[in-house]
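# Chains, contacts and geometry: an overview
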Amino acid sequence: MQKHCFFLFSLLLCLTLQSNAQKLPSIGVCNSYKNDSLFAKAGYAYIEDGVSRLLAPTVNEQQFASQAGELQRTHCRVQSCNGFIPGTIKIVGPQVDEARVLGYVDTVMHRARQAGIELIVLGSGEARKIPEGVDHAQVKAQFIVLCRKMAEVAARYGRIIAMENLNSTETNFINTLEEANEVVNAIHHPNFKLTADIYHMLKENEPAAAIEKAGKNLVHCHIAEREKRAAPGVAGQDFRPYFAALHKIGFSGRIMVECRWDDVATQSKPVYDYLKGQLEEAYKN
């Protein structure tokens, strides 16, 4: 009887440990899918490429079809894209052309579905920059309405838009994860979620607690060191408090390295190992 109980306990413990291991987020990188072999060899699971290179209306149909075919053969799967809205298409302020915005979004989401790309990050600092003299509260209200319509377009194609926080040197609107989360809550649409950019959080001295408050809205992450947006490990940035917060909310999505590389060929593997080590420490409990 004791042996039987011990066996069941051991089995339960093993399954629990396996379950915890499965919850560890995947590590990816924001870069061109053309560098797939380099990053796959270093251990990365995903590449996040740019909308302008893959999905935008400026990419002709022949080029899109060719690239979409190439994406299916990569080892690091491309399941997200950034650089969503170009600065020439305003999404806040009096210059917003809603029909143009939604038409652009429709093309991107249609192509994202064809290419198997699940999530589009909404950073777009220039596109969302509030013009001088325009009322912030009014802009925010209009932005929420527009983003809800963008989310409805994304829903038609089964895609997710995940807005990210950008620090105040890059834009003057939604500079913290906390404010981004408030906006996502106001939009209140299942296809409009949140990207936590830990680099931008560090730049704004925003604590890891903001991640805990974001909860299930948070579906995606970007990361780099605070100084010079360096690759993780260059200056030994401690990301563990932020990873512990991700663990606390049950985050098991993708953490994408979005940094300035000194030498990507030599840095890619040490960066992966550095992040994985800190993740395993934060997620072990």
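The numbers attached to residues start from 1 for each chain and follow its sequence in the written order. Note on the predicted model: pLDDT of at least 70 is required for a residue's local features to be given, and 80 or more for side-chain atom pairs to be given and counted; whole-chain, interface and lining totals, by contrast, use all residues. By convention in this description, side-chain values take in all heavy atoms of the structure and omit both hydrogens and water.

The way it works is that DSSP assigns letters per residue, a run of H or I at least four long becomes a helix, a run of E at least two long becomes a strand, and they are numbered from the N terminus. Check the secondary structure of the chain and you find 11 helices and 8 strands. Taken over C-alpha atoms, the radius of gyration comes to 20 Å for the chain, in line with the 19 Å a tight globule of 285 residues would show. Reported as C-alpha extents along the three principal axes, the dimensions of the chain are approximately 75 × 45 × 40 Å. Buried means the residue's accessible area, taken with a 1.4 Å probe over protein chains only, is under 20% of the maximum for its type, while exposed means over 50%, and partly exposed covers the values in between. Buried residues in the chain amount to 50% of all 285 residues. The criterion used for residue contact is that any of the two residues' heavy atoms lie within 4.5 Å. A separation threshold of at least 6 residues defines the contact pool for the chain, and within that pool the share at least 24 residues apart is 78%. Two residue types count as positive, namely Lys and Arg, and two as negative, namely Asp and Glu; His and chain ends fall outside the count. By convention, the charge on Lys lies at NZ, on Arg at CZ, on Asp at CG and on Glu at CD. Each charge sign in the chain was given a centre, from 32 positive and 31 negative side chains, and these centres are 6 Å apart. Note on method: radius of gyration uses C-alpha positions; expected globular size equals 2.2 Å times residues raised to 0.38.

Turning next to the packing of helix H5 (residues 98–115) against helix H6 (residues 136–156). The angle between the axes and the distance between the axes are what describe a pair of packed helices. Between H5 and H6, the least distance of the axes is 9 Å, while the angle of their chain directions is 30°. Between H5 and H6, the angle is such that the two are roughly parallel. Here H5 runs over H6; the crossing is right-handed. Each of Glu 98, Val 101, Leu 102, Val 105, Asp 106, Met 109 and Arg 113 in H5 lies in contact with H6, whose residues at this interface are Leu 146, Lys 149, Met 150, Val 153, Ala 154 and Arg 156. Only Asp, Glu, Lys and Arg are considered charged, only Ala, Val, Leu, Ile, Met, Phe, Trp, Tyr, Cys and Pro nonpolar, and every remaining residue, Gly among them, polar. The residue makeup of the contact of H5 with H6, split by class, is 8 nonpolar, no polar and 5 charged. Axis lines are fitted through C-alpha atoms, for helices just across the contact stretch, and the angle between N-to-C directions can take any value from 0 to 180 degrees. By definition in this entry, angles of less than 35 degrees are roughly parallel, angles greater than 145 are roughly antiparallel, angles of 65 to 115 are roughly perpendicular, and the rest are oblique. Note: crossing handedness is left-handed where the near helix turns anticlockwise from the far helix by less than a right angle, and right-handed where it turns clockwise.

Structurally, the position occupied by Glu 280 is in helix H11 (residues 264–283). C-alpha of Glu 280 to C-alpha of Ala 196: the two residues are 84 residues apart in sequence and 19 Å apart in space.

Summing up the model confidence of the chain, the mean pLDDT is 93 and the portion of residues at 70 or higher is 92%. The pLDDT value tells you how sure the predictor is about a given residue, anywhere from 0 up to 100. Below a pLDDT of 50 lies the segment residues 3–22, which in the model reaches 0 contacts outside its immediate sequence neighbourhood of four places, other chains included.

Quick look at the pairing of strand S3 (residues 77–82) now. Most of S3 sits out of view: 5 of its 6 residues are buried. Only strands joined by at least two bridges in the DSSP assignment are considered to pair. The pairing of strand S2 (residues 46–50) with S3 spans 4 bridges and is parallel. Bridging from a neighbouring strand, Glu 48 pairs with Ser 80 of S3. By the bridge criterion, 2 bridges tie S3 to strand S4 (residues 119–122) in an arrangement that is parallel. Note on S4: the bridge partner recorded for Ser 80 is Leu 119. The path from the first strand over the helix to the second decides the hand: if it runs clockwise while the strands point away from the viewer, the crossover is right-handed. Taken together, S3, H5 and S4 constitute a β-α-β crossover, and its handedness is right-handed.

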